[in-house]
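The lines below spell out each chain.
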Amino acid sequence: MKARTIAINQIKGILVSAPEQVRSRFRALTSSQLIPALERSRPMGNLTDPDTATALTLKKLAARYQFLEREILDTDKALAEILRNCAPLLRDVPGVGIEVASQLLVTVGDNPERIATGTQFAALVGVAPIPASSGKTSRHRLSRGGDRAANAAIHHVVVSRLATDSRTSEYAARRTAQGKTKKEIMRCLKRYVSQELYRQLTNPQAAPEVTDLRPARQALHITLREAAGHFHTWPGTLSRIERGLSRDDNLAGQLRDWLHEQREAQNIN
């Protein structure tokens with residue numbers, strides 16, 4: 001993945017200083033359009049010509065990017081198969097994808113003697129709170145110990161939840177209003193996530209079922225836009241939750257309760 005990032009950065013860096021004839025052909029393209037266009041290009045001419053040399057270099061970098069993209073997809077498929085065999089429910093935790101789940105299994109597998117308790121697991125992944133009080137101020141700071149790769153994985157889960165999970169974003173807003181800094185909020189969230197992950201690793205639980213939500217809403221003739229308007233969110237957000245493409249247990253539960261209330265109101269009328 002790092003090599004893929006390097007490749008796209010090289011492509012864009014070359015385009016900045018490329019001859020105008022080359023730059024003008026690809027200026028308006030997005031990254032997703034740029035790579036296939038460069039790979040399909042057919043540079044012709046003498047390699048001593050700057051235009052030809054630049055176009056050929058861009059084509060080769062685009063081919064490298066595509067090769068790395070396929071390699072990443074193949075690796076993800078292999079990792080997904082391993083996860084299905086070793087920890088099929090780990091990815092049911094909100095915010096946990098293939099890379100995060102794989103890293104957690106590596107960390108736990110390398111340190112089986114350090115996961116007897118949730119506290120030990122928190123120390124292992126570097127989220128155990130470290131006292132940092134001074135004078136009348138009582139506070140904790142982020143831990144700098146533990147497995148940093150696992151800590152990065154948990155950080156990724158927290159960032160993902162802040163963007164997609166209503167309960168997490170509400171918690172962050174509440175703690176911000178109480179005067180907590182972003183670092184302090186992230187430390188707390190990492191600790192909560194580590195507790196949840198430890199429970200899932202030691203006592204796996206399947207994700208709550210959501211297949212009932214869309215049929216229930218459609219039976220009441222309620223559109224996605226109407227439901228989303230009630231919860232002050234985007235229709236696409238509810239659609240992804242209904243289809244199981246994203247997970248927000250708090251919002252899914254609220255939607256289920258609201259649909260039940262609507263059904264009761266219709267029955268009364």
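A quick note: this is a predicted structure, and the numbers were derived from the prediction, not measured. (Residues numbered from 1 in each chain as written. Predicted model: local features only at pLDDT ≥ 70, side-chain atom pairs only at ≥ 80, totals over all residues. Heavy atoms only, no water.)

Focus on the overall build of the protein chain
And step 1. Scanning the protein chain for helices and strands turns up 13 helices and two strands.
And step 2. Taking the principal axes of its C-alpha atoms as reference, the protein chain extends roughly 75 × 60 × 45 Å.
And step 3. Expressed as a percentage of the 269 residues in the protein chain, the buried residues total 35%.
And step 4. Distance between charge centres in the protein chain, computed from 40 positive and 27 negative side chains, equals 7 Å. (Helix = DSSP H or I, 4+ residues; strand = E, 2+ residues; numbered from the N terminus. Buried < 20%, exposed > 50% of the residue type's maximum accessible area, 1.4 Å probe, protein only. Lys, Arg positive; Asp, Glu negative; His and termini not counted. Charge placed at Lys NZ, Arg CZ, Asp CG, Glu CD.)

What to know about the confidence of the model for the protein chain
And step 1. Looking at the protein chain, pLDDT values average 89 and 99% of them are 70 or higher.
And step 2. When mean pLDDT is compared element by element in the protein chain, helix 7 (residues 148-164) scores highest at 93, while strand 2 (residues 140-141) scores lowest at 72. (pLDDT = per-residue confidence, 0-100.)

Some remarks on the packing of helix 11 (residues 224-231) against helix 13 (residues 249-268)
And step 1. Two numbers describe how helix 11 lies on helix 13: the axes approach to 11 Å, and their chain directions differ by 110°. By the criterion of interaxial angle, the relationship of helix 11 to helix 13 is roughly perpendicular. Relative to helix 13, the crossing made by helix 11 is right-handed. Residues Ala227, His230 and Phe231 of helix 11 lie in contact with helix 13, whose contacting residues are Leu251, Gln254, Leu255 and Trp258.
And step 2. Here the contact of helix 11 with helix 13 is built from residues that sort into five nonpolar, two polar and no charged. (Axes fitted to C-alpha atoms, helices over the stretch in contact; angles between N-to-C directions. Parallel < 35°, antiparallel > 145°, perpendicular 65-115°, else oblique. Left-handed = near helix turned anticlockwise from the far one by under 90°. Contact = heavy atoms within 4.5 Å. Nonpolar A, V, L, I, M, F, W, Y, C, P; charged D, E, K, R; others polar.)

Quick word on the nonpolar core
Where a protein is soluble and globular, its nonpolar side chains tend to be buried together.
And step 1. Counting 30 residues, the largest nonpolar core has Val96, Phe121 and Leu197 as the members making the most contacts within it.
And step 2. The set of elements that each furnish at least two residues to this core consists of helix 4 (50-86), helix 5 (98-110), helix 6 (118-124), helix 7, helix 8 (166-177) and helix 9 (182-202). (Core = buried A, V, L, I, M, F, W, Y, C linked by side-chain atoms within 4.5 Å.)

As for the packing of helix 7 against helix 8
And step 1. In the contact formed by helix 7 and helix 8, the axes pass within 6 Å of each other and the chain directions differ by 95°. Our classification of the angle between helix 7 and helix 8 gives roughly perpendicular. On the side of helix 7, the interface is formed by Arg161, Leu162 and Thr164, while helix 8 contributes Ser166, Thr168, Ser169 and Ala172.
And step 2. A per-class count over the contact of helix 7 with helix 8 returns two nonpolar, four polar and one charged.

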